[in-house]
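# An overview of the molecular structure
What follows is the residue order along each chain.
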Amino acid sequence: LEASADGQIEKVFGDRTWLPHDLRAYASMLGDVFPSLEGAQTAARLELDFVEIAPDIFVDIQYQFDGGRQFVWVRNTSRHAAHLRAAQQIANATALREAISSRWSDDIRREHSHIRVLLDSVPLPIAYWSAEGTLTYGNPAFLAACGGTSAKILGQRSSSPALGAMQLP
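One structure accompanies this document, and this report is about it. Note that the coordinates shown come from a computational prediction; the quantities given were computed from them, not determined experimentally. (Residues numbered from 1 in each chain as written. Predicted model: local features only at pLDDT ≥ 70, side-chain atom pairs only at ≥ 80, totals over all residues. Heavy atoms only, no water.)

### Some remarks on the overall build of the protein
Within the protein, the secondary structure is distributed over five helices and seven strands. Along the protein, from the amino end to the carboxyl end, the secondary structure elements read β-β-α-β-β-β-α-α-β-β-α-α. The C-alpha extent of the protein, read off along each of the three principal axes, is 90 × 30 × 25 Å. For the protein, contacts bridging at least 24 residues in sequence account for 27% of all contacts bridging at least 6. Within the structure as shown, the protein displays about 10900 Å² of accessible surface, and the carbon and sulfur contribution to it stands at 56%. (Helix = DSSP H or I, 4+ residues; strand = E, 2+ residues; numbered from the N terminus. Contact = heavy atoms within 4.5 Å. Areas by Shrake-Rupley, 256 points an atom, 1.4 Å probe, with all protein chains shown as cover.)

The structure is reproduced here in structure tokens:
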């Protein structure tokens, strides 16, 4: 795009069908189409990345003010933004799962937590193994069924002979 110093767009080049605004020479103002460039004449050059110009439409903008003329190059980056958004959603979901798992694990390890008190009172054997496959918790019914003590079997893998065969009624 090429615009005068007051922002009136005078020349439009290239494919603009993907833009949310109908750009016409002498009918559009630069600040109306790209509000982020309002007052940009004070800077000789600007580079703006991932500017959202409409819902889910992102652009990279290169701006130059030279000799009383404003020049704007716009590149559609909506596809890249969608990929970044998807990656961020996956990262957020993973972080949430890890936080919940960590909280659950911390709650079980604490001697007087509500979850541990409940699990210890259940008459059925209950055990919790870490993601690495080691036993991190066994309630009294589980310890009795394995014939061991917490000191003897906590930290063992499920295939460890220290766990022995469970004796269930």
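### Here we look at the sheet that holds strand β3 (residues 45-54)
Sheet strands pair by backbone hydrogen bonding; their relative direction is either parallel or antiparallel. The antiparallel open sheet is built from five strands, whose spatial order is β2-β1-β5-β4-β3. Each of the sheet's edge strands pairs with one partner strand only, and the pair in question is β2 (9-11) and β3. Each strand axis lies, on average, 35° off the axis of its neighbour in the sheet, ignoring direction. Taken together, the three bridges between strand β1 (residues 2-4) and strand β5 (residues 69-76) define a ladder with antiparallel strand orientation. Bridging from a neighbouring strand, glutamate 2 pairs with phenylalanine 71 of β5. (Pairing = 2+ DSSP bridges. Axes fitted to C-alpha atoms, helices over the stretch in contact; angles between N-to-C directions.)

### Digging into the nonpolar core
Ranked by internal contacts, the top residues of the largest apolar core, which has 19 residues, are Leu1, Leu30, Phe34 and Leu37. Put simply, the parts of the chain that give this core at least two residues each are α1 (30-33), β3 and β4 (57-66). Ranked by residues supplied to this core, first place goes to β4 with four residues. Dropping the residues within four chain positions of it, leucine 37 is found in contact with Leu30, Leu46, Leu48, Ile61, Tyr63 and Val72. One finds Leu135, Leu143, Cys146 and Ile153 within the second-largest nonpolar core, a separate group that totals five residues. (Core = buried A, V, L, I, M, F, W, Y, C linked by side-chain atoms within 4.5 Å. Buried < 20%, exposed > 50% of the residue type's maximum accessible area, 1.4 Å probe, protein only.)

### As for the pairing of β4
Regular strands place their side chains on alternate faces of the sheet. When you tally the buried positions in β4, you get seven out of ten residues, the bulk of the element. As defined by bridge partners, β3 adjoins β4 across seven bridges and the pair is classed as antiparallel. The partner of alanine 54 across the bridge, within β4, is isoleucine 57. Turn length for the β3-β4 hairpin, with the two strands adjacent in sequence and antiparallel, is two residues, and the turn residue aspartate 56 shows positive phi of about 65°. Across eight bridges, the pairing between β4 and β5 is antiparallel. Along β5, the bridge assignment pairs glutamine 64 with phenylalanine 71. Here β4 folds back onto β5 in antiparallel fashion, the turn holding two residues, of which glycine 67 has a positive phi close to 60°.

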